[in-house]
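Letter by letter, the chains look like this.
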Amino acid sequence: MGKETFELAGRDWPRVTWWKQRNMRTLYLTLWAALLTSATNGYDGSLMNGLESITAWNENFNHPNGQILGLIAASMSIGSLLAIPIVPYTADILGRRTGVVIGCFIMIVGVALICIGFHVALFIMGRLILGFGIAISHGSAPLLIAELVHPQHRAIYSTIYNTLWYLGSLVGSWVAFGTHQLEGQWAWRVPCLLQALPSLVQMAFIWTVPESPRWLISKGKHEKAKKILAYAHSEGNEDDELVTVEFHEIQQTIALEQEYEKSAWSELWATKGNRHRLVILVSIGFFSQWSGNGIVSYFLPKVLELINIRDPTEQLKINGYLSIVQLVSAVTTCFFVDKIGRRPLFLTSCVGMLGTFISTTIALARFDVSKDTPNPNQHAANTVLVFIFLYYVMYNLGFCGLLVSYSTEILPYRIRAKGLTVMFFAVDLSLWFNQYVNPIGLQNIQWRYYLVYCVWLAFELLVVWKYYIETKNTPLEEICKYFDGDAALIGGDAATAKARHLTGEDDADVHVAEDEKAAADEKTAPTATTKTA
């Protein structure tokens, strides 16, 4: 059995059952309006695989390959890169919910241009705008989730966010499978058009989700923030002890950060602790896309052609089955984040990916030797398929859900939006490289391209082992102590020595101790006089 308590402000609190509390149950159901951002992104990844297998799409755009295909795939990442300068300011100035809505509106505009897509340039422009919008939503939605849910559920819920990439991927893969037999241009326009559906749902229902109490506190709206905390964590009881302790810790920590710390971009590398965070943010962003997953996620048909699977229907089926395995393995991992811990999951993921990628490379090489013979090595081809599926199980242990949740939790409030933007910048930069270079690599050196990622995965393992630290079962405001040590700013009942000094509490403690000592001396003074006499 697991622990019957969770920790906050240095104390143990009894665990809650969310489905037995009406407000919490409602909150967690409506939070799907924020979670759908990740699903929209996943839909696009699977959609690109599907479009490459749809005859009407290939004919409409003159069978794109190599550089053109890479540019089509990478255009969404380029759009996200262009949005980077405004992403954190949207979330910090306008609020987490407003950021989601702005991003969704821009995405709908992009989808409209994609569906019109009578020329490849217009199709690419639509994907650029789509990427711009999704970057803004991505910069706000995970912050809203992590800053709103109950401390007991933060790890699970914020980890689930990015795993829903695979929900979108699952829907996208089977939609493409279902429409590829339609007559004419609707075979590819229908799946593209449905890409707008999650954004429409988000724009309608995100207002049913309360605003982040931490954002409200940072804007001086303390009364409203406490009401939301009480609604979300204690059935509306503002006098609940947990709500009081939690509010005090958040309010004092943010106040200390605003008064004594800066929130400029330079703060990301100004201290030793922040430089450590920056190493993690940049590396996890690149590792999430440069672990070899980008080959299959966006160019599965090209990989399958390496083992002589060329039938579009067969390719779409494999894409659909893979999406199911990806979703199940990713969501399952979420429920072990606080039980197993972040570091063991990351390390196991790296070792597993390296092993499966080496095995896939060997199998591809064995098949390549026999592919032009009367009897190609079918055992090698089947081995490639098996290890593609196993690879994603290993990948999802570390770099799917934890990509966003780990990046969010290691950052203090003042630089959380900017730090998360840096992580997504690394993701988009690596995606752009992958989506543009991968098809060229597969076309020119075929299975040998896998050797590059075998070497890179070994490097990933080394970086994770050296820099990724454990944060399990630690409240959001208190994680900074692992990075900043004695310089950490934590308010409330879990206040650090630096925070107590800045607020003058340590001076008060000294005065209390002196008064208690003086009182004790007065009590013992008569006894000492009597003995002397």
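Conventions adopted
- Residues numbered from 1 in each chain as written.
- Predicted model: local features only at pLDDT ≥ 70, side-chain atom pairs only at ≥ 80, totals over all residues.
- Heavy atoms only, no water.
- 1 Å grid on protein atoms, 1.4 Å probe; cavity = no way out; pocket = protein on both sides within 12 Å on 5 of 7 lines; lining within 4 Å.
- Points joined across faces, edges and corners; volume = space filled by probe spheres on them.
- Helix = DSSP H or I, 4+ residues; strand = E, 2+ residues; numbered from the N terminus.
- Nonpolar A, V, L, I, M, F, W, Y, C, P; charged D, E, K, R; others polar.
- Disulfide = S-S within 2.5 Å.
- Buried < 20%, exposed > 50% of the residue type's maximum accessible area, 1.4 Å probe, protein only.
- Pairing = 2+ DSSP bridges.
- Phe/Tyr/Trp six-rings, centres within 6.5 Å; stacked < 30°, edge-to-face > 60°.
- Lys NZ or Arg CZ within 6 Å of the ring centre and 35° of its normal.
- Axes fitted to C-alpha atoms, helices over the stretch in contact; angles between N-to-C directions.
- Parallel < 35°, antiparallel > 145°, perpendicular 65-115°, else oblique.
- Left-handed = near helix turned anticlockwise from the far one by under 90°.
- Contact = heavy atoms within 4.5 Å.
- Expected span 1.5 Å × (residues − 1).
- Salt bridge = Lys/Arg side-chain N within 4 Å of Asp/Glu carboxyl O.

**Digging into empty space enclosed by the protein**
- Evaluated as defined, the whole model comprises 6 cavities of 30 Å³ or more.
- Counted as a void, the largest cavity has a volume near 400 Å³.
- Taken together, 28 residues make up the lining of the largest cavity; nearest its centre are Asn41, Trp165, Gln289, Val427 and Leu431.
- Those elements that provide at least two residues to the lining of the largest cavity are helix 2 (32-52), helix 4 (66-83), helix 7 (120-138), helix 10 (165-179), helix 17 (293-305), helix 21 (378-398) and helix 23 (413-445).
- Broken down by element, the residue count for the lining of the largest cavity peaks at 6 residues, all from helix 23.
- Looking at side-chain class alone, the lining of the largest cavity contains 16 nonpolar, 10 polar and 2 charged residues.

**Focus on the state of the cysteines**
- Here the structure, examined in full by the defined rule, presents 0 disulfides.
- For the unlinked cysteine Cys334, the closest cysteine sulfur is that of Cys400, found at 7.3 Å.
- The buried category is assigned to Cys400, whose relative accessible area is 3%.

**Topic: the layout of surface pockets**
- In this structure, the largest pocket encloses a volume near 1,000 Å³.
- Around the largest pocket, the lining comprises 35 residues; the ones closest to its centre are Arg15, Gln152, His153, Ile156 and Lys339.
- The element that contributes the greatest number of residues to the lining of the largest pocket is helix 9 (residues 154-163), accounting for 5 residues.
- Across the lining of the largest pocket, the residue classes tally to 20 nonpolar, 7 polar and 8 charged.

**Some points on the pairing of strand 2 (residues 11-14)**
- Summarising the sheet, strand 1 (residues 5-8) and strand 2 pair through 4 bridges and their orientation is antiparallel. Looking at the pairing, Glu7 lines up with Asp12 of strand 2.
- Taking the residues between adjacent antiparallel strands as the criterion, strand 1 and strand 2 are bridged by 2 residues, where Ala9 takes a positive phi near 55°.

**Observations concerning the packing of aromatic side chains**
- In this structure the tally under the stated criterion is 29 aromatic pairs.
- With a centroid separation of 5.0 Å and an interplanar angle of 85°, the aromatic rings of Phe346 and Tyr468 are classed as edge-to-face. Taken together, the positions of Phe346 in helix 20 (residues 342-370) and Tyr468 in the loop between helix 24 (449-467) and helix 25 (481-484) put the pair 122 residues apart, joining distant regions of the chain. The same class applies to Phe346 and to Tyr468, which are both buried.
- Its guanidinium or amino end placed over the ring of Trp265, Lys418 lies 5.9 Å from that ring's centre, counting from NZ or CZ.
- Against the face of Tyr467 rests Lys466, its NZ or CZ located 5.7 Å from the ring centre.

**A look at the packing of helix 10 against helix 18 (residues 312-334)**
- For the pair helix 10 and helix 18, interaxial distance at closest approach is 8 Å and the crossing angle is 160°. Judged by the inter-axis angle, helix 10 sits roughly antiparallel to helix 18. Considering only the axes of helix 10 and helix 18, their crossing is left-handed. Judged by residue contacts, Tyr166, Leu167, Ser169, Leu170, Ser173, Trp174, Ala176 and Phe177 of helix 10 engage Thr313, Leu316, Lys317, Asn319, Gly320, Tyr321, Ser323, Ile324, Gln326, Leu327 and Ala330 from helix 18.
- Grouping the amino acids of the contact of helix 10 with helix 18 by side-chain chemistry returns 11 nonpolar, 7 polar and 1 charged.

**Some points on unusual backbone geometry**
- One non-glycine residue, Glu235, lies in positive phi territory at about 55°.
- Following the sequence through the fold, Glu235 ends up in the loop between helix 14 (222-233) and helix 15 (241-260).

**Some words on helix 14**
- The terminal C-alpha atoms of helix 14, which comprises 12 residues, lie 16 Å apart, in line with the 16 Å expected from a rise of 1.5 Å per residue.
- Backbone geometry just after helix 14 places Glu235 at a positive phi near 55°.

**What to know about the pattern of salt bridges**
- Enumeration according to the criterion identifies 13 salt bridges in this entry.
- Glu267 is the partner of Arg414 in a salt bridge, and the nearest nitrogen-oxygen pair spans 3.3 Å. Residue Arg414 is located in helix 23, and its partner Glu267 is located in the loop between helix 15 and helix 16 (272-287); the two are separated by 147 residues in the primary sequence. There is no split in this pair, since Arg414 and Glu267 are both buried.
- Two residues, Asp338 and Arg342, come together in a salt bridge whose shortest N-O distance is 2.6 Å.
- Members of the salt-bridge network, linked through shared partners, are Asp92, Arg96, Glu147 and Arg416.

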